[in-house]
Amino acid sequence: MVSTDPANLSTHGFSPNVMHEGVAHSVVVYPNSTADVVKIVKIANKYRMPVVPYAGGTSLEGHFIGHEGGGICIDMSNMNQILEIHPGDSDMVVQSGVDWMEINSTLKEKGIPLFFPIDPGPSATIGGMLSTGCSGTNAVRYGTAKVVLPSGEVIKTRQRARKSSAGFDVTKLFIGAEGTLGIVTEVTVRLAPIIPSQVAIAQFPSVKQATEAVIEILNTGANIQCMELLDSAFMHATNVSGATGNKYDVADHLFFKLQGATPAAIDDTAKIVQQIVKKHDGSKFKRAKTQEEGDLIWQDRKNALFTALAYAGGDAKGWLTDVCVPISNLPQLIEETQKDIEAHGIKYLTVGHAGDGQRPWAY
């Protein structure tokens, strides 16, 4: 399908969640297969037209904005099929337009005790996630990918086997390339076993102490699925928004997902985490009593963007970016950056995947 409808061109080139000025595309094309993508790329080459791949449209930094001189937007939403599931190999092959939530719901419906270990925003799709190096609140590993290069040539980045010392592992070249090196059409995603988990929270006198606790927790090898860092401004904004009805002390927090094969294993992890929290002057370590309570706490973390926009008020737009450093440098990064922001009088809040040294900032 080809669209030149002005409203559709605008939808694909603008977003209220992006601070950058939007630019409409000249045309939006909806391929149904890798072969269709090849044809589109070859036509673009013939007429020297820029090409912008479009996935779920959930980017907060404007990856899908059009080119000022005009260009072709390739919307991958029709390529949304799960092609193969390999429970014995803990992986599956999907087209790039598949929603990550659809993967987990399909596995659940089929009674397969695996899940896609990633937790980004709703509606994110696999092709866009790979192309932006997305990890969400969990770590993720991508396997092989089928890619259409700018020349129109189709390559497979490696074999489906998890380990191979034969040839280049080209997959990593395309992870985070944002569509500049090629358009991803198929991906092998690696699945993880479903291990019971429990949400817990703790608060700290400062973000610096919270991040120091994160480093020590990671170095113990405690079974943590994810750790999220949320500053006092975010907790205040969450209380004001009231999206889930939860109320928190206005203090810097860590949110955890404690993991273990048995309740006893989760208890052991909780004891380790609680001891380290206390050592770094943390307090009010609390474990969710039920799955529902834990889900609501985690939903407050997932609502970060909309909480931030409501906190800013009016017609404000968020200015968001990810800052990634070695985990040992995280306390220094946060302390110095917060001082810089405050010195310029900018209203801000911070939320981060503390377990992998990533710190998204929202201004």
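Residues numbered from 1 in each chain as written. Predicted model: local features only at pLDDT ≥ 70, side-chain atom pairs only at ≥ 80, totals over all residues. Heavy atoms only, no water.

Participant: It is not clear to me how the overall build of the protein should be interpreted in this structure. Could you clarify?
Facilitator: Along its length, the protein carries 11 helices and 18 strands. In terms of C-alpha radius of gyration, the protein reaches 22 Å, essentially the compact-globule figure of 21 Å for 363 residues. Its C-alpha atoms put the protein at 65 × 50 × 35 Å along the principal axes. Taking all 363 residues of the protein together, 50% fall into the buried category. At a minimum sequence separation of 6, the contacts of the protein that also span at least 24 residues come to 68%. Across the protein, the 31 positively charged side chains and the 37 negatively charged ones have centroids separated by 5 Å. (Helix = DSSP H or I, 4+ residues; strand = E, 2+ residues; numbered from the N terminus. Rg over C-alpha atoms; globule rule 2.2 N^0.38 Å. Buried < 20%, exposed > 50% of the residue type's maximum accessible area, 1.4 Å probe, protein only. Contact = heavy atoms within 4.5 Å. Lys, Arg positive; Asp, Glu negative; His and termini not counted. Charge placed at Lys NZ, Arg CZ, Asp CG, Glu CD.)

Participant: How do you make sense of the sheet that holds strand E8 (residues 142–148) when you look at a structure like this?
Facilitator: The pairing of strands in a sheet happens through backbone hydrogen bonds and is either parallel or antiparallel. Taking strand neighbours across the sheet as the criterion, the 5 strands line up as E5-E6-E10-E8-E9 in an open arrangement whose pairing is antiparallel. Single-partner strands in this sheet number two, and they are strand E5 (82–86) and strand E9 (154–156). Between one strand and the next, the sheet's axes are offset by a mean angle of 10°, whatever the strand orientation. Of the strand pairs in this sheet, strand E6 (residues 91–95) and strand E10 (residues 183–190) are connected by 5 bridges, and their pairing is antiparallel. Note on E10: the bridge partner recorded for Val94 is Val187. Packed on one face of the sheet, helix H3 (residues 100–109) meets E5, E6 and E10 and runs near 50° to E5. (Pairing = 2+ DSSP bridges. Axes fitted to C-alpha atoms, helices over the stretch in contact; angles between N-to-C directions.)

Participant: Looking at this structure, I do not really get helix H11 (residues 330–343). What am I missing?
Facilitator: Because the α-helix completes a turn every 3.6 residues, residues three or four places apart line up on one side. Relative to the 20 Å expected for 14 residues at 1.5 Å per residue, H11 spans 20 Å between its end C-alpha atoms, a close match to the ideal helical length. If you check which residues of H11 are buried, you get Leu330, Pro331, Leu333, Ile334, Thr337, Gln338 and Ile341. Projected down its long axis, H11 shows its buried positions confined to an angular sector of 160°, all on one face. In H11, those exposed residues whose orientation departs by more than 90 degrees from the buried face are Lys339 and Ala343. (Expected span 1.5 Å × (residues − 1). Arc of directions from axis to C-beta.)

Any link to function would need more than the numbers given here.
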